[in-house]
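# Analysis of the macromolecular model
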Amino acid sequence: MSTNDPQRARLAELVGELAVVRGAVTLASGLTSDFYVDMRRATLHHEAAPLIGHVMLDVLEEAGLTTEDYDAVGGLTMGADPVATAMLHAAASRGLELDAFVVRKAAKDHGMKRRIEGPSVEGRRVVVLEDTSTTGGSPLEAVEALREAGATVLAVAVVVDRATGARERIEATGVPYHAALGLGDLGLG
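Residues numbered from 1 in each chain as written. Predicted model: local features only at pLDDT ≥ 70, side-chain atom pairs only at ≥ 80, totals over all residues. Heavy atoms only, no water.

Turning our attention to the side chain of Asp81. You can see Asp81 is positioned in helix H4 (residues 80–93). Arg40 is the oppositely charged side chain nearest to the buried, salt-bridge-free Asp81, at an N-O distance of 8.6 Å. A distance of 2.5 Å separates polar atoms of two side chains, one belonging to Asp81 and the other to Thr77. (Helix = DSSP H or I, 4+ residues; strand = E, 2+ residues; numbered from the N terminus. Buried < 20%, exposed > 50% of the residue type's maximum accessible area, 1.4 Å probe, protein only. Lys, Arg positive; Asp, Glu negative; His and termini not counted. Salt bridge = Lys/Arg side-chain N within 4 Å of Asp/Glu carboxyl O. Polar contact = N/O pair within 3.5 Å; in protein donor to acceptor, adjacent residues only side chain to side chain.)

See below:
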């Protein structure tokens, strides 16, 4: 990785060490690959998780989005959940206000019967997150649910982009797409 950003470089090292699993695998998208990026091994790790929060805030800032531009982050459970939590904590450590939310695959049939958990997103500006994206299906599902709930979606941001069409599919809907790391950063490209 050629970067002068030590946090991003360290995150790439950790994701490569912790999350990259080599061997034939069928991805959630149905595609097959000779490696798998099991991001929960990184997003729930004591060193990698805090780095993810800071790096993702920085990625968005580099794209021109600060926490003054968006109010909350989150995405389709479960991949986005630890990323959103890491960003919430990283923002708080910087003295910034940022909420997180969770988009369920379907609304609960009991209790509050909500599809989106956490502080209300109605009328708020949000960024959709994902830990790693192959086709963009999960972030797009979250975008749709958030728009139905009255949120304004400013962007989709992922920790690892697999370079298998997610960027193109998401950007084709008019939503900007940002990734902290690519396959080359993990020695896979």
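That was the structure; now back to the text.
Summarizing the sequence annotation, UniProt attributes the feature "binding site: orotate" (unreviewed entry) to Thr134 and Arg162 in the numbering used throughout. For the residues just named, distributed over 29 residues, the greatest C-alpha separation is only 5.6 Å, placing them together at one site. Mapped onto the elements of the fold, Thr134 is located in the loop between strand E6 (125–133) and helix H5 (137–148). The exposure class of Thr134 is buried, given its relative accessible area of 12%. Look past the residues within four positions of Thr134 in its chain and what remains in contact with it is Leu27, Ser29, Leu31, Arg162, Thr164, Gly165 and Ala166. Looking at the element boundaries, Arg162 is found in the loop between strand E7 (152–161) and helix H6 (166–171). (UniProt positions renumbered as here; feature names shortened; annotations may be inferred. Contact = heavy atoms within 4.5 Å.)

Over its 12 residues, H5 runs 17 Å from end to end, which matches the ideal 16 Å to within 8%, given 1.5 Å per residue. Within the span of H5, buried status applies to Pro139, Leu140, Ala142, Val143, Ala145 and Leu146. Buried residues along H5 sit in contact with strand E3 (72–76), strand E4 (99–103), strand E5 (116–117), E6, E7 and H6. (Expected span 1.5 Å × (residues − 1).)

The next thing to look at is the sheet that holds E4. Across the sheet, which stays open at both edges, the six strands sit in the order E5-E4-E3-E6-E7-E8 with mixed pairing between neighbours. Of all strands in the sheet, those with a lone pairing partner are E5 and strand E8 (177–182), marking the two edges. Strand direction decides the pairing type here: E3 and E6, joined by three bridges, are parallel. Bridge pairing links Gly74 to Val128 in E6. On top of the sheet, helix H1 (residues 6–18) reaches E7 and E8; it is set at about 70° to E8, its chief contact. (Pairing = 2+ DSSP bridges. Axes fitted to C-alpha atoms, helices over the stretch in contact; angles between N-to-C directions.)

Our focus in this paragraph is the pattern of salt bridges. In total, this model carries 12 salt bridges according to the counting rule given. Measuring nitrogen to oxygen at the nearest pair gives 2.9 Å for the salt bridge that ties Arg10 to Glu13. Highlighted residues: Arg10 and Glu13, both in helix H1, separated by three residues, approximately one helical turn. Here Arg10 falls in the partly exposed class, since its relative accessible area comes to 27%. Given a relative accessible area of 43%, Glu13 falls into the partly exposed group. Salt-bridge contacts for Asp99 lead to Arg124; the nearest nitrogen and oxygen are separated by 2.8 Å. Here Asp99, found in strand E4, pairs with Arg124, found in the loop between E5 and E6; they are 25 residues apart in sequence, far enough to count as distant. Asp99 gets classed as partly exposed once you look at its relative accessible area, which sits at 27%. Within this structure, Asp5, Arg8 and Glu62 form a network of salt bridges that share partners.

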